[in-house]
Amino acid sequence: MVHSPVSALGVQCCCRCWVERSVEHSCLREILREDTYLSCDHHPRPWAHIGSQGNVRYMQETPLYLSVGHLLSYSVSDSNSTDFTNPSTFMLLGIPGLEEAHVWISIPFCTMYIIAILGNFTILFIIKMEPRLHGPMYYFLCMLAITDLVLSTSILPKMLSIFWFNSREINFSACLTQMYFILSFFLIGSGILVAMAFDRYVAICHPLRHSTTLTNPVVAKIGLAVVLRGVMLILPYPFLARRWPYCRTNIIPNTYCEHIAVVKLACTDINVSSYYSLSVAFLVIGMDVFFIAVSYTQILRAIFSLPTKDARLKTFGTCGSHLCVILTFYMPHLFAALTQRFGHNVALHLRVLMSNMYLLVPPMLNPIIYGAKTQQIWDRLLQLFTQKGT
């Protein structure tokens, strides 16, 4: 089956001609599946990409000619399930199509990471040093800062090693570990935002009950429940990914081990992984967004019932920073998820960039938003710099 269309091209054939004929040939459609990168042992990098519509995009370093044996060796190894059933490593391509700009792209990403590290550690330090900030909202803010640090650190070091040193290999177990940390801490972050919305609801709608409702033991229990929910609900992701046989390729067109990008490489029915991830997205994340919306509906009703405009503005200012954080947390993720699943006409490098941005932008913006919008944090920060100046 494999030899008939290739042998017609001669002993030595043009790579582009072979690929285009192979995509059209029904016998090879199972070998050259959609969203596949073509590579071989005789060329250092992938030299062609077959998209979801069967369209072929060639890389800048596409070899003009390879012998039929070289081309066949790729096809046979790619169709043999024993080669990648238990892959020892995956290859992360970085941002496909923008390989020459990797060094330049690393500059804003590295800047965002530095801002996220400095900002979140500053938030943690100020809250620890200022006794007036030892309250429920600031405890939740500390948890959010730790979550942001883990999320950004899970992706940036490997990304920069790809951009700067062309270190694309990642161990299979390390890949699944990275996937687990990204997904679990994203879910933890979503739960923390729900807890913060509940804190704002009690503080504004039932201010007299706030100190008795959200005591330190209650805050600790909420934090523990949020962490356990994220840890337990994401456990099936790496376990399911580990049991799938991988017989297509070990090349991931991304800068990190994204769940969908990894399981798409499996050569078996992955409906269990797909349905479970959709269930978590719609039920868990959807319920978090619903509870936040309900909380802020009640908050807005309480704000608009206040007698004076100054009182309304002052009360709304206490939860304005939290609303900004919610938008920066969910909106990039929603856009990235939609383009990943339904945006087949969106360029691959744009999808990869969006999937990176939703993990880097919120950790960078959260400490800036809370530092600028929360008067107590801003005052303490100015006090620290004033003391250093004197």
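Structure's up top.
Fair warning: this is a prediction, and the values are worked out from it, not measured in the lab.

A.B. asks: Tell me about the overall build of the chain, and please be specific about residues and values.
C.D. replies: Helix and strand counts for the chain come out as 14 helices and eight strands. When each of the 390 residues of the chain is scored for burial, the buried share is 49%. The contacts of the chain with a sequence gap of at least 6 include a subset with a gap of at least 24, amounting to 74%. For the chain, the computed accessible surface area is about 19,100 Å², with 66% contributed by carbon and sulfur atoms.

A.B. asks: Could you give an account of the layout of surface pockets, naming the residues involved and the relevant values?
C.D. replies: Roughly 900 Å³ of internal volume is contained in the largest pocket. Secondary structure elements with two or more residues in the lining of the largest pocket: α6 (172-205), α10 (259-263), α11 (271-304) and α12 (309-342). The biggest single contributor to the lining of the largest pocket is α12, with 13 residues. Taken together, the residues that form the lining of the largest pocket break down as 30 nonpolar, five polar and two charged.

A.B. asks: For empty space enclosed by the protein, give the residues involved together with the corresponding values.
C.D. replies: Taken as a whole, this structure holds one cavity of 30 Å³ or more when the rule is applied. Contributions of two or more residues to the lining of the largest cavity are made by α5 (136-165) and α13 (348-373). Broken down by element, the lining of the largest cavity gets its largest block of residues, three residues, from α13. Among the residues making up the lining of the largest cavity, the classes are represented as six nonpolar, no polar and one charged.

A.B. asks: So what about the pairing of strand β6 (residues 89-92)? Which residues, and what values?
C.D. replies: Only one face of β6 is covered, namely the face carrying F90 and L92; the face carrying T89 and M91 is uncovered. Sheet topology note: the β6/strand β7 (residues 169-171) ladder contains three bridges and is antiparallel. Note on β7: the bridge partner recorded for T89 is N171. Two elements, β6 and strand β8 (residues 251-252), share two bridges in a ladder whose sense is parallel. Note on β8: the bridge partner recorded for L92 is I252.

A.B. asks: Talk me through the pattern of salt bridges; I want residue IDs and the actual numbers.
C.D. replies: Across all of its chains, the model carries three salt bridges by this definition. Between R132 and E130 there is a salt bridge; the shortest N-O distance is 3.1 Å. On the accessibility criterion, R132 (60% relative accessible area) is exposed. Judged by its relative accessible area of 8%, E130 falls in the buried class.

Cut-offs used in this document
- Residues numbered from 1 in each chain as written.
- Predicted model: local features only at pLDDT ≥ 70, side-chain atom pairs only at ≥ 80, totals over all residues.
- Heavy atoms only, no water.
- Helix = DSSP H or I, 4+ residues; strand = E, 2+ residues; numbered from the N terminus.
- Buried < 20%, exposed > 50% of the residue type's maximum accessible area, 1.4 Å probe, protein only.
- Contact = heavy atoms within 4.5 Å.
- Areas by Shrake-Rupley, 256 points an atom, 1.4 Å probe, with all protein chains shown as cover.
- 1 Å grid on protein atoms, 1.4 Å probe; cavity = no way out; pocket = protein on both sides within 12 Å on 5 of 7 lines; lining within 4 Å.
- Points joined across faces, edges and corners; volume = space filled by probe spheres on them.
- Nonpolar A, V, L, I, M, F, W, Y, C, P; charged D, E, K, R; others polar.
- Pairing = 2+ DSSP bridges.
- Salt bridge = Lys/Arg side-chain N within 4 Å of Asp/Glu carboxyl O.

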